[in-house]
Amino acid sequence: MALLWCRMNALDVGFTEAAVGAGISTVLMLAAVRRVGRHESGGGRRSGVAPALAVALVAGALLYGARDMPRVGDPGAPAHRAGTVAQHYLAHSMEDSGSPNVVTPVLGDYRGYDTMGETTVIFIAALAVVLLLRQAGRWPRGPRWKGGAQ
Amino acid sequence: VRRSTESPIVRYVARRSVPFIQLYALYVLGHGEDGPGGGFQGGVIFASAFVLLALANGWAYGRRAAPARVLDPLLPTGCMVYCGIGLLCWLAGGAFLEYAALAFSDDPHAHAHWRHYGLIGIEIGVMITVSSAMATLFFEMARPAQVQAHVDDVGEEVGRD
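Residues take numbers from 1 onward in each chain, read along the sequence in its written order. The lettering of chains begins at A and the numbering of ligands begins at 1, in the order of writing. Since the coordinates come from a predicted model, pLDDT governs what is reported: local features require at least 70, and pairs of side-chain atoms require 80 or more to be given and counted, while whole-chain, interface and lining totals use all residues. By convention in this description, side-chain values take in all heavy atoms of the structure and omit both hydrogens and water.

## Looking at the pattern of salt bridges
Residues and elements named next belong to chain B.
Stage number 1. For salt bridges, the criterion is a side-chain nitrogen of Lys or Arg within 4 Å of an Asp or Glu carboxyl oxygen. Counted according to the given criterion, the structure contains two salt bridges over all chains.
Stage number 2. Among the salt bridges present, the one from E140 reaches R63, with a minimum N-O distance of 3.5 Å. Within this pair, whereas E140 is found in helix α5 (residues 108–141), its partner R63 is found in helix α3 (residues 59–65), the two being separated by 77 residues in sequence. Considered together, E140 and R63 belong to a single accessibility category, that of buried residues.
Stage number 3. A salt bridge links E140 to R143; the nearest nitrogen and oxygen atoms lie 2.7 Å apart. Secondary structure elements are taken from DSSP: a helix is a run of H or I of four residues or more, a strand is a run of E of two residues or more, and numbering for both begins at the N terminus. The buried label applies to any residue whose accessible area, calculated with a 1.4 Å probe on protein chains only, is under 20% of its type's maximum; exposed applies above 50%, and partly exposed to all values in between.

Listed below in structure tokens is the structure:
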């Protein structure tokens, strides 16, 4: 994936993909697997037809939608047309904030709210994990509210 | 993750790599304006040094290098740095996150400068939250079963194996 992004000259995204997609999430996945065990527990054998159908439907819809995507580097693509914000960002980011890498001002300046929300999402994710997993260690017999709150 | 690797070479190399990885993370952070990189990537790389430490030397060893009492307060700190810069801009008379307002002048050059500083500021905020969040996610998910919550102090006993 990282190489694919680099191929499309999106070095920032490729960098993130390599660090997060290949690095951290692999480790987190392994940690999660080690925590919950490698085998499914109980539940019996269920038919795989419905999930397979759902997957096929979504994949079909995505493939159908992908036919409308502009070709890579197509000058007529919506992002490359004159008068859009993308053109404004490309033309003015250097004088606006003195930053040669246009990605950084787009993320941090023009789209500052987005990045703030993104940071908050990460904070909340860590918060949720801390709350869930730390409490799980503290109450070995299940959460307290099961018996106490009635 | 629970126990450390047998090989002393792996453990030593992992320990010695940490400062270099983290220095590189800071470089990625600082380099974000000129090339690929920025707070998010820098934060992830910074946190990965702790992951390496824990993988090679055992969970408790890594957790002692990045204890919860340090990481937990850092989680909201990054968000607060970000929002704080936004609020400062607002107090300075601009819109929320309008870094140019911090220049207190009409000179476009000063505006560009302050937008640059604002960018660096929020990137630092992003990095603080991302690195502490990634390390916290890892340590909480990989915590060995026998280590109970609020672990920093328990780490001592477990670290001995």
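## Quick notes on the packing of helix α2 (residues 39–57) of chain B against α5(B)
All names here are of chain B.
Stage number 1. α5 packs onto α2 with a crossing angle of 30 degrees between their chain directions and a minimal axis gap of 7 Å. Looking at the two axes, α2 sits roughly parallel to α5. α2 and α5 meet at a crossing whose hand is right-handed. Along its contact with α2, which presents G39, F40, G42, G43, V44, F46, A47, F50, V51, A54 and L55, the element α5 presents E123, V126, M127, V130, S131, M134, A135, F138 and F139.
Stage number 2. Residues are grouped as follows: nonpolar covers Ala, Val, Leu, Ile, Met, Phe, Trp, Tyr, Cys and Pro; charged covers Asp, Glu, Lys and Arg; every other residue, Gly included, is treated as polar. Looking at the contact of α2 with α5, its residues break down into 15 nonpolar, four polar and one charged. Helix axes use the C-alpha atoms of the stretch in contact, all axes being lines fitted to C-alpha atoms, and the angles between their N-to-C directions lie in the range 0 to 180 degrees. For classification purposes, angles smaller than 35 degrees are called roughly parallel, those larger than 145 roughly antiparallel, those between 65 and 115 roughly perpendicular, and all remaining angles oblique. Definitions for this section: a left-handed crossing has its near helix turned counterclockwise from the far helix by less than a right angle. A right-handed crossing has that turn clockwise. What makes two residues a contact is simply this: any of their non-hydrogen atoms within 4.5 Å.

## So, the packing of aromatic side chains
Stage number 1. Think of it this way: a Phe, Tyr or Trp ring, Trp meaning its six-membered ring, pairs with another when their centres are within 6.5 Å, and the plane angle makes it stacked under 30 degrees, edge-to-face over 60, tilted otherwise. Scanning all chains against the criterion turns up six aromatic pairs over all chains.
Stage number 2. Ring-pair connections join several aromatic residues into one group, and the members of that group are B:W59, B:F138 and B:F139.

## Re the environment of B:A56
Stage number 1. Tracing the sequence through the fold places B:A56 in helix α2.
Stage number 2. As a C-alpha pair, B:A56 and B:E6 span 50 residues in sequence and 8.8 Å in three-dimensional space.

## Let's talk about the interface of chain A and chain B
Stage number 1. At the interface, 42 residues of chain A touch 49 residues of chain B.
Stage number 2. Linking chain A with chain B are zero salt bridges.
Stage number 3. For this analysis, a polar contact is any N or O atom pair within 3.5 Å, provided that within protein one partner can donate a hydrogen and the other can accept it, and provided that sequence-adjacent residues contribute only side-chain to side-chain pairs. Linking chain A with chain B are five residue pairs in polar contact (both at pLDDT 80 or more), by the criterion used here.
Stage number 4. Of all the secondary structure elements, the ones that give two or more residues to the side of chain A that touches chain B are α2 (11–36), α4 (85–97), α5 (103–110) and α6 (112–138) of chain A.

## Overview of the packing of α2(A) against α5(B)
Stage number 1. Relative orientation of the contacting elements α2(A) and α5(B) amounts to 25 degrees, with a least axis distance of 9 Å. What the angle tells us is that α2(A) and α5(B) run roughly parallel. In the packing of α2(A) onto α5(B), the handedness of the crossing is left-handed. Taking contact as the criterion, the partners of A:I24, A:V27, A:L28, A:A31, A:A32 and A:R35 in α2(A) are, on α5(B), B:M134, B:L137, B:F138, B:E140 and B:M141.
Stage number 2. When the residues that make up the contact of α2(A) with α5(B) are grouped by side-chain class, the tally is nine nonpolar, no polar and two charged.

## Details of the side chain of B:T129
Stage number 1. Following the sequence through the fold, B:T129 ends up in helix α5.
Stage number 2. There is a polar contact of 3.4 Å between the side chain of B:T129 and the backbone nitrogen of B:G78.
Stage number 3. Once residues lying within four places of it in the same chain are set aside, the contact partners of B:T129 are A:T119, A:I122, A:F123, B:L74, B:L75, B:G78 and B:C79.

## Describing a nonpolar patch on the surface
All names here are of chain A.
Stage number 1. Here, patches come from residues exposed beyond 30% relative accessible area and free of salt bridges, joined within 9 Å for like charges and within 5 Å for nonpolar side chains (Val, Leu, Ile, Met, Phe, Trp, Tyr). Computed with a 1.4 Å probe, the accessible areas rest on the Shrake-Rupley method; for each residue, only the protein chains presented here act as cover. A cluster of nonpolar side chains, contributed by M1, L4, M8 and V72, occupies part of the molecular surface with about 430 Å² of accessible area.
Stage number 2. In this structure, L4 sits in helix α1 (residues 2–7).
Stage number 3. L4 sits in the partly exposed class, given a relative accessible area of 47%.

## What about the confidence of the model for chain B?
All names here are of chain B.
Stage number 1. Scored from 0 to 100, pLDDT reflects the predictor's confidence in each residue. With 86% of its residues at a pLDDT of 70 or more, chain B shows a mean pLDDT of 80.
Stage number 2. A low-confidence stretch, residues 150–161 (pLDDT under 50), is modelled with 18 contacts involving residues beyond four sequence positions or located in other chains.
Stage number 3. Scored by ipTM, the complex comes to 0.76, with pTM at 0.75.

## Here's the deal with the nonpolar core
Stage number 1. Grouped together as the largest cluster of nonpolar side chains are 43 residues, with contacts concentrated most on B:V44, B:V130, B:M134, B:F138 and B:F139.
Stage number 2. When residues of this core are traced back to their parent elements, those giving at least two are α2 and α6 of chain A together with α2, α3, α4 (68–91) and α5 of chain B.
Stage number 3. Per element, the largest residue contribution to this core is 11 residues, and it comes from α5(B).
Stage number 4. If we skip the residues at most four places from it in the chain, B:F139 touches B:F50, B:A54, B:W59, B:G62, B:R63 and B:A66.
Stage number 5. Definition used in this section: a nonpolar core is a set of buried Ala, Val, Leu, Ile, Met, Phe, Trp, Tyr and Cys residues joined via side-chain atoms within 4.5 Å. Residues A:F15, B:L29, B:I45 and B:M127 belong to the second largest nonpolar core, which totals six residues.

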